[in-house]
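Structure assessment
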Amino acid sequence: MIDRRMVLQGGLATGIAALAPLPGWAKGHPDDAKIDAFVKANGFAGTILRAKAGKPVYARNFGLANIAAKTPVTTDTVYGIASISKFLTTVTVLKLVEAGKLALDAPIATLLPGYRADTGAKVQLAHLLSNTSGIPNDFMPALKLEPDLVSRDLGTAESVRRFASGDLAFEPGSKFDYVPTNWYIVIAIVEAATGKPFQQAMRTITLDPLGLAHTSAVEAPGIAASYRTVEPPVLWYNPRVPVMAASGGYYSTAPDLLRAGHAVFDKGFVSPASLKALRTVRVVEQDYSLGGRVRTMTIAGKPVEAAWETGRTDGFRSLLAHRYDTQESIVLLNNTGISQKAIDLFADSLFGAEARA
């Protein structure tokens, strides 16, 4: 019998097949007891994957991807990754910056023809990517009046006009406001720069070059069910329209997220200038950079920085954590709505970090 806990010698393409669930999980890894305790305490269902330099070294799967169908979780189970979509979107934007089609410090009025000139002259692309733009979230008030908006595709231009073109809530760069309408405008800017629908541009610029074959904003077979509760099983699902894709509409697998993190942070998929932008914290109190967070842990008494990409939507919880110094990665994907804080603290412990203050 092959032990599902193994160090893989091949590339990640081999790893995906080799990490498929096998019967007879063999205990013995130093992390097993810690992981067992976490799973029991939190009712965790999903995938826990660890890697070094892009190669999986440890993977375990727990629970059911679909309770009604009794479908077990596998390492290739697809989950909603919520705000990790912002990280992938930001990588796409940075590739367009590298190609000279966009600039992080450009006012959005110069990047998006037709956007209102007064506020558009103040808000830069980087403000959108760091959630510091002051762009209002006029979608939520509209949703109260029109509940079907969440499932009615108005298109990018109309969505920006209706929900992301109001007066600024604050001076750009002065506050952090985690609103999806920032990303409605990002979608519009990408479409204007490429002449393609956003999801097609994302596929061409980022997903296909990275080999993320299981990452998409389109629901496909194999996606885990999302649960509000497990006992009794209560499904938790909210429909999404395409303009929500950049901020939180993508689905992915643990191997795909691992591949993305390794390629971006270790293998030069983006330029040194783009990598610096991803690693530079712009909102200190939020540890927020562009499209995600950069956390500083204390390990063996020393500060250690790591990319910390997280997401939560419905019952899905996700984490892609990547240490810059050792190229160690942790991917956790869950479909039972457990605490995101519990996931973060657990990842800390797997890295060997001291307890947070």
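Residues numbered from 1 in each chain as written. Predicted model: local features only at pLDDT ≥ 70, side-chain atom pairs only at ≥ 80, totals over all residues. Heavy atoms only, no water.

1. Details of the pairing of strand β2 (residues 55-62)
Buried residues dominate β2, accounting for six of its eight residues. Taking the residues that link successive antiparallel strands as the turn, the strand β1 (residues 46-52)-β2 hairpin has two residues, and the phi of Ala-53 there is positive, at about 50 degrees. (Buried < 20%, exposed > 50% of the residue type's maximum accessible area, 1.4 Å probe, protein only. Helix = DSSP H or I, 4+ residues; strand = E, 2+ residues; numbered from the N terminus. Pairing = 2+ DSSP bridges.)

2. Considering the pairing of strand β12 (residues 328-334)
Of all seven residues that make up β12, seven are buried, and the element is covered over most of its length. Bridge count between β1 and β12: seven bridges; the pairing is antiparallel. Bridging from a neighbouring strand, Lys-52 pairs with Glu-328 of β12. Two elements, strand β11 (residues 316-323) and β12, share six bridges in a ladder whose sense is antiparallel. Residue pairing in the sheet places His-322 in a bridge with Ser-329 of β12.

3. Examining the packing of aromatic side chains
Throughout the structure, instances matching the rule amount to twelve aromatic pairs. Residues Phe-139 and Tyr-184 carry aromatic rings whose centres are separated by 6.4 Å and whose planes lie at 80 degrees to one another, so their mutual orientation is edge-to-face. One end of the pair, Phe-139, is in helix α7 (residues 139-145); the other, Tyr-184, is in helix α9 (residues 181-194), with 45 residues separating them in the sequence. Among the residues examined, Tyr-184 registers a relative accessible area of 1% and is labelled buried. Between the aromatic rings of Phe-176 and Tyr-288, the centroid separation amounts to 5.2 Å while the plane-to-plane angle is 55 degrees, which identifies the pairing as tilted. In this pair, Phe-176 sits in the loop between α8 (156-163) and α9 while Tyr-288 sits in the loop between α13 (272-279) and β9 (293-299), placing the two residues 112 residues apart along the sequence. With respect to class, Phe-176 is no different from Tyr-288; both count as buried. What links up through ring pairs into an aromatic cluster is the set Phe-38, Phe-44, Phe-62 and Phe-346. (Phe/Tyr/Trp six-rings, centres within 6.5 Å; stacked < 30°, edge-to-face > 60°.)

4. Examining the side chain of Glu-309
Among the secondary structure elements, Glu-309 is positioned in strand β10 (residues 302-313). At 7.8 Å, Arg-293 is the nearest oppositely charged side chain to Glu-309, a buried residue that forms no salt bridge. (Lys, Arg positive; Asp, Glu negative; His and termini not counted. Salt bridge = Lys/Arg side-chain N within 4 Å of Asp/Glu carboxyl O.)

5. A look at the pattern of salt bridges
According to the stated counting rule, one finds 18 salt bridges in the structure shown. Taking the shortest distance from any N to any O, the salt bridge between Asp-31 and Arg-50 comes out at 2.6 Å. Taken together, the positions of Asp-31 in the loop between α1 (12-18) and α2 (32-42) and Arg-50 in strand β1 put the pair 19 residues apart, joining distant regions of the chain. What makes Asp-31 buried here is its relative accessible area of 10%. The class of Arg-50 is buried, set by a relative accessible area of 11%. A network of salt bridges, in which partner residues are shared, links Asp-31, Arg-50, Arg-323, Asp-325 and Glu-328.

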